[in-house]
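# A look at the structure
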Amino acid sequence: QVQLVESGGGLVQPGGSLRLSCVASGSIFSINFMGWYRQAPGKERELVATITTTGRTNYADSVKDRFTISRDNVKNTKTVYLQMNSLKPEDTAVYYCKANRVYDGDYWGQGTQVTVSS
């Protein structure tokens, strides 16, 4: 099992920045990749950004050049960050962290709310 704990959401004005964190613990040795997804009210959950264990990244077109995903491995945890700059109202959503393990699929965090509003 993998446990994911997210933090860093909140209310920010348009043009502002936020940094999300997701700490993975438990049986993390076979995590293939981690990433961030988001779901706005009335919409389907969508990919924001992913990062593999080798550091390869992938971004949704809507966040390229504004968001940066990164990772850090400390002792028995893996942490993934999402630095979000130049935030827009359309970035408002619940942001979910996901970890994918090679042999049993996806684990999800509980989600953290990001609201971009003046």
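Just above, that's the structure.
About the thresholds
Residue positions are counted from 1 within each chain, in the order its sequence is given. pLDDT decides what is reported in this predicted model: residues at 70 or higher carry local features, side-chain atom pairs at 80 or more are listed and counted, and totals for whole chains, interfaces and linings draw on all residues regardless. By convention in this description, side-chain values take in all heavy atoms of the structure and omit both hydrogens and water. The term salt bridge refers to a pairing of a side-chain nitrogen on Lys or Arg with a carboxyl oxygen on Asp or Glu at a separation within 4 Å. Residue burial is assigned from relative accessible area. The probe radius is 1.4 Å, only protein chains are included, and a residue is buried under 20% of its type maximum, exposed over 50%, and partly exposed in between. Helical segments are the DSSP runs of H or I of at least four residues, strand segments are the runs of E of at least two, and each set is numbered from the N terminus. Think of it this way: DSSP has to see at least two bridges between two strands before they count as a pair. An axis is simply a line fitted to the C-alpha atoms; with a helix, the fit covers only the stretch in contact. Between two such axes, the angle follows the N-to-C directions and lies from 0 to 180 degrees. To count as a disulfide, a pair of cysteine sulfur atoms needs to be within 2.5 Å. Ring geometry is summarised as follows: Phe, Tyr and Trp rings, the Trp one being its six-membered ring, pair when their centres sit within 6.5 Å, and such pairs are stacked at plane angles under 30 degrees, edge-to-face over 60 and tilted between the two. Charge-over-ring contacts are defined here by two conditions on Lys NZ or Arg CZ: a distance within 6 Å of the ring centre and an angle within 35 degrees of the ring normal.

## Some details on the pattern of salt bridges
Counting across every chain of the model gives six salt bridges. Where Arg38 meets Glu46, a salt bridge forms, and the shortest distance between an N and an O atom there is 2.7 Å. By relative accessible area, Glu46 is classed as partly exposed at 37%. Where salt bridges share partners, they join Arg38, Glu46, Arg66 and Asp91 into one cluster.

## Remarks on the pairing of strand 11 (residues 112-116)
Side chains Thr112, Val114 and Val116 of strand 11 all project onto a buried face; the interleaved residues Gln113 and Thr115 project onto a face where none is buried. Here three bridges tie strand 2 (residues 10-12) to strand 11, and the two strands are oriented parallel to one another. Across the sheet, the residue bridging to Gly10 is Val114, located in strand 11. Where strand 9 (residues 93-101) and strand 11 come together, three bridges link them in antiparallel fashion.

## Brief notes about the sheet that holds strand 8 (residues 77-84)
Sheets are built from strands paired through backbone hydrogen bonds, the pairs being either parallel or antiparallel. The four strands are arranged 1-3-8-7 in an open sheet whose pairing can be described as antiparallel. Strands with a single pairing partner mark the edges of an open sheet, and in this sheet they are strand 1 (2-7) and strand 7 (67-74). For this sheet, the mean angle separating the axes of adjacent strands, direction not counted, is 15°.

## Overview of the state of the cysteines
Under the defined criterion, the tally for this structure stands at one disulfide. Disulfide pairing places Cys22 opposite Cys97 at an S-S distance of 2.1 Å. Here the S-S torsion is close to -80°, and the disulfide linking Cys22 with Cys97 is therefore left-handed. On the criterion of sequence distance, the pair formed by Cys22 in strand 3 (residues 18-26) and Cys97 in strand 9 is long-range, its members being 75 residues apart. Accessibility assignment for this pair places Cys22 and Cys97 in one class, buried.

## Observations concerning the packing of aromatic side chains
Aromatic ring pairs are described here by two measures, namely the spacing of the ring centres and the angle between the planes. On inspection of all chains with the given rule, the structure shows two aromatic pairs. Summarising the aromatic geometry, the rings of Tyr37 and Trp108 are spaced 5.2 Å apart at their centres and angled 70° between planes, so their arrangement reads as edge-to-face. You can see Tyr37 sitting in strand 4 (residues 31-39) and its partner Trp108 sitting in strand 10 (residues 105-108), a full 71 residues away along the chain. Centroid distance Tyr96 to Trp108: 6.5 Å. Interplanar angle 85°. Geometry classified as edge-to-face. Linking Tyr96 in strand 9 with Trp108 in strand 10, this pair joins segments that are 12 residues apart in sequence. Tyr96 gets classed as buried once you look at its relative accessible area, which sits at 15%. Among the residues examined, Trp108 registers a relative accessible area of 36% and is labelled partly exposed. By the ring-pair criterion, three or more aromatic residues cluster together here, those being Tyr37, Tyr96 and Trp108. One Lys or Arg, Arg19, reaches over the ring of Tyr81 and ends 4.0 Å from the middle of that ring. Over the ring of Trp108 we find Arg45; its NZ or CZ atom is 4.6 Å from the centre of that ring.

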